[in-house]
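# Residue-level structural notes
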Amino acid sequence: MFKSLIASIFCFVATLVHAQQGNVKLEAYEQKLPISSLHFLMVPIPAGQFKMGTAAVNTKLANDEGPQKEITLDAFWMSSTEVTRDVFDVFLKDENTSQNSDVDAITRPSPQYVDLTWGMGKEGGYPANSMSQYAALMFCKWLYKQTGVFYRLPTEAEWEYASRAGTTTTYYYGTDPNMLSKYAWFQKNSANKYQKVAQKLPNAWGLYDMLGNLMEWTMDHYQPNRYESIETKNPMVPPTQGVYPKVLRGGSFMSDASICRNAKRIKSDPIWNRRDPQIPKSKWWLTEAKDVGIRLVRPLQQPTPEQAQQFYTTYLIK
C-alpha cells in the first residue's frame, strides 16, 4: 500500500516513456520565475538503464557503494547547474509567504543568523548553500506554486544516472583524477571556497558542477546496505526514518578527488548544525554545511495537484 502511494507521488507510471513523450516534448527549456526577471535552464535526461554503485573489483569500493545493480529510470529534466543564490533569494524575500510558520501552506526560511555564505560570494551566479533538506524541499514547493510546474530534489539513482551521462567510469569524463580540475571545483583548485556555477566543463548531458563545488541533496534516506535490496525501477527509500541521515552526492569544493566521484555516497550529519545559536535549532539553515547545495528535477509525467500536495506533505520532515 505504502509503496503504491510512493509510486503515485513520484509519478512513476507503467506506460513506456516513448508513449509519454507523445504528450510532452523532452527538450531543454528555460524556467522563468514569475515574480522576478530570473530564469534557470532545465536539460532533458533520457530514460534508460545504468549500473548504480561501484563494481566489486574496484579496490576503492566503499562499503555502501555495492553490490552494483542495474537500474532503470524514466526520463526527467534536471537543472543544468546548482540552484543559484540569486534564484533562491527570490524565495527568501517573497513577502506573500510567512517566515518559519507551522501553519502557512508555503513558508520561507527564517533569516540567517550569520552570513552563511562566509564571504565566498552571493549574487551573480554563486550557488545557494547551507540550507537543510527541509529548506530545499520547501523551495521546491514554493517554486511549484509560482510556476505550476512540479519540481523536487533528485533521487539518489537519478542523480548518479544523470552524473554518469552514459559513462561507466569513476568520473563522468574518465578515470584520471588529474583531469578533474577541468570539470570540477574541489580541494585542489577551489581556494577553499565555492565558485560561480558553470565555469568548468559540463558532462555529456550538459550538466555543470555535478562533481565538486557543492554537495547536492537527494530525496533518499541514507542506508549503508541500500543496494542489497534496492528496487531496479525508479528506486527511492520511503521517508519513514526521520531527518537524519539523508544522502548527498557529488563532493564539494572542500573534497579531494576520491570524494568527487559518480558513485560516492555522503550522509548528512546533525553536527552540521552545531553552531546554530537558536533554541530549538533551525530547521532551515546548517551552520557547518557551507558546502551543501541543491539541484532540481522535474519528472516527465507531472503529478496532479493532489499528488503534488501529498508529496510535499509526506517528504517535508522537520
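Scroll up to find the structure this text is about.
Counting starts from 1 at the beginning of each chain's written sequence and moves along it residue by residue. At least 70 in pLDDT is required for a residue's local features to be given in this predicted model, at least 80 for side-chain atom pairs to be given and counted, and no such filter applies to totals for whole chains, interfaces and linings, which use all residues. Based on all heavy atoms of the structure, the side-chain values leave hydrogens and waters out of the count.

## Here we look at the overall build of the protein
Within the protein, the secondary structure is distributed over six helices and 12 strands. Between the two quantities, the radius of gyration covers C-alpha atoms and the globule rule is 2.2 Å times the number of residues to the power 0.38. Its C-alpha atoms give the protein a radius of gyration of 18 Å, within 12% of the compact-globule value 20 Å for 318 residues. Along the three orthogonal principal directions, the C-alpha set of the protein runs to about 50 × 45 × 35 Å. Taking all 318 residues of the protein together, the buried fraction comes to 55%. In this description, contact between two residues means that some pair of their heavy atoms is separated by no more than 4.5 Å. Put simply, of all contacts in the protein between residues at least 6 apart along the chain, 76% involve residues at least 24 apart. Using a 1.4 Å probe, the Shrake-Rupley method yields the accessible areas, and only the shown protein chains count as cover for residues. Put simply, the protein shows about 13,600 Å² of open surface, and 52% of that area lies on carbon and sulfur atoms. The charge count treats Lys and Arg as positive and Asp and Glu as negative. His and the chain ends do not count. Think of each charge as sitting on NZ of Lys, CZ of Arg, CG of Asp or CD of Glu. The protein carries 35 positive and 30 negative side-chain charges, and their two centres are separated by 2 Å. Under the scheme used here, helices are H or I runs from DSSP no shorter than 4 residues and strands are E runs no shorter than 2 residues, and both carry numbers assigned from the N terminus. Think of it in three bands: with a 1.4 Å probe and only protein chains considered, a residue is buried below 20% of the maximum accessible area for its type, exposed above 50%, and partly exposed in between.

## Focus on the sheet that holds strand β8 (residues 215-221)
Paired strands, in this sense, are two strands between which DSSP finds at least two bridges. Across the sheet, which stays open at both edges, the four strands sit in the order β10-β9-β8-β11 with mixed pairing between neighbours. Here the strands that pair on one side only, and so sit at the sheet edges, are β10 (265-267) and β11 (292-293). Strand direction decides the pairing type here: β8 and β11, joined by two bridges, are parallel. Considered in β11, the bridge of Glu216 is made with Gly293.

## Side note on the nonpolar core
Core analysis: the largest hydrophobic core is formed by 50 residues, its most contacted members being Phe88, Met131, Phe139, Trp217 and Ile294. Put simply, the parts of the chain that give this core at least two residues each are β2 (39-45), α3 (85-92), α4 (133-147), β8 and α6 (305-315). Looking at this core element by element, the count peaks at 10 residues for α4. Setting aside its immediate chain neighbours within four residues, Phe139 contacts Val83, Val87, Phe88, Phe91, Ile294 and Leu296. Grouping buried Ala, Val, Leu, Ile, Met, Phe, Trp, Tyr and Cys residues that are joined through side-chain atoms within 4.5 Å yields what is termed a nonpolar core. Counting residues in each nonpolar core, the second largest holds 27 residues, with Phe50, Leu73, Met78 and Tyr171 among its members.

## Section: the side chain of Arg298
Its location among the elements puts Arg298 in strand β12 (residues 297-299). Put simply, Arg298 is tucked away with no salt bridge, and the nearest opposite charge, on Glu27, sits 9.8 Å away. If near-sequence neighbours (up to four positions away) are discounted, Arg298 is found in contact with Tyr29, Met42, Phe76, Trp77, Val149, Phe150 and Tyr151. The term salt bridge refers to a side-chain nitrogen of Lys or Arg lying within 4 Å of a carboxyl oxygen of Asp or Glu.

## A few points about the sheet that holds strand β5 (residues 76-79)
Spatial ordering of the open sheet is given by β1-β2-β5-β12, a layout of four strands whose pairing is antiparallel. The strands lining the two open edges of the sheet, one partner per strand, are β1 (29-32) and β12. Each neighbouring strand pair of the sheet contributes to a mean axis angle of 30°, computed without reference to strand direction. Strands in contact with helix α5 (residues 156-164) are β2, β5 and β12; relative to β5, the strand with the most contacts, it is inclined by about 75°. The axes are straight lines fitted to the C-alpha atoms, using for helices just the contacting stretch, and the angles between their N-to-C directions are given from 0 to 180°.

## Digging into the environment of Leu180
By secondary structure assignment, the location of Leu180 is in the loop between α5 and β8. A C-alpha to C-alpha distance of 33 Å links Leu180 and Met138, two positions 42 residues apart in sequence. Filtering out sequence-adjacent residues up to four positions away, Leu180 remains in contact with Tyr171, Tyr173, Phe186, Leu211, Ala257 and Cys260.

## Looking at the environment of Lys264
Structurally, Lys264 can be placed in the loop between β9 (246-249) and β10. Owing to a relative accessible area of 18%, Lys264 belongs among the buried residues under this scheme. Sequence separation of Lys264 and Thr54 is 210 residues, and the distance between their C-alpha atoms is 8.6 Å. Beyond its immediate sequence surroundings of up to four residues, Lys264 is in contact with Glu65, Leu248, Arg249 and Ile259.

## Structural notes on the pairing of β1
Look at any regular strand and the pattern is simple: side chains alternate between the two faces of the sheet. Side-chain alternation along β1 places Tyr29 and Gln31 on a buried face and Glu30 and Lys32 on a face that remains uncovered. Alignment of β1 against β2, held across four bridges, turns out to be antiparallel. Bridge pairing links Tyr29 to Met42 in β2. The hairpin turn running from β1 into β2, its antiparallel successor, is six residues long.

## Considering α5
Extensive coverage of α5 is indicated by the burial of nine of its nine residues. Among the residues making up α5, those that are buried are Glu156, Ala157, Glu158, Trp159, Glu160, Tyr161, Ala162, Ser163 and Arg164.

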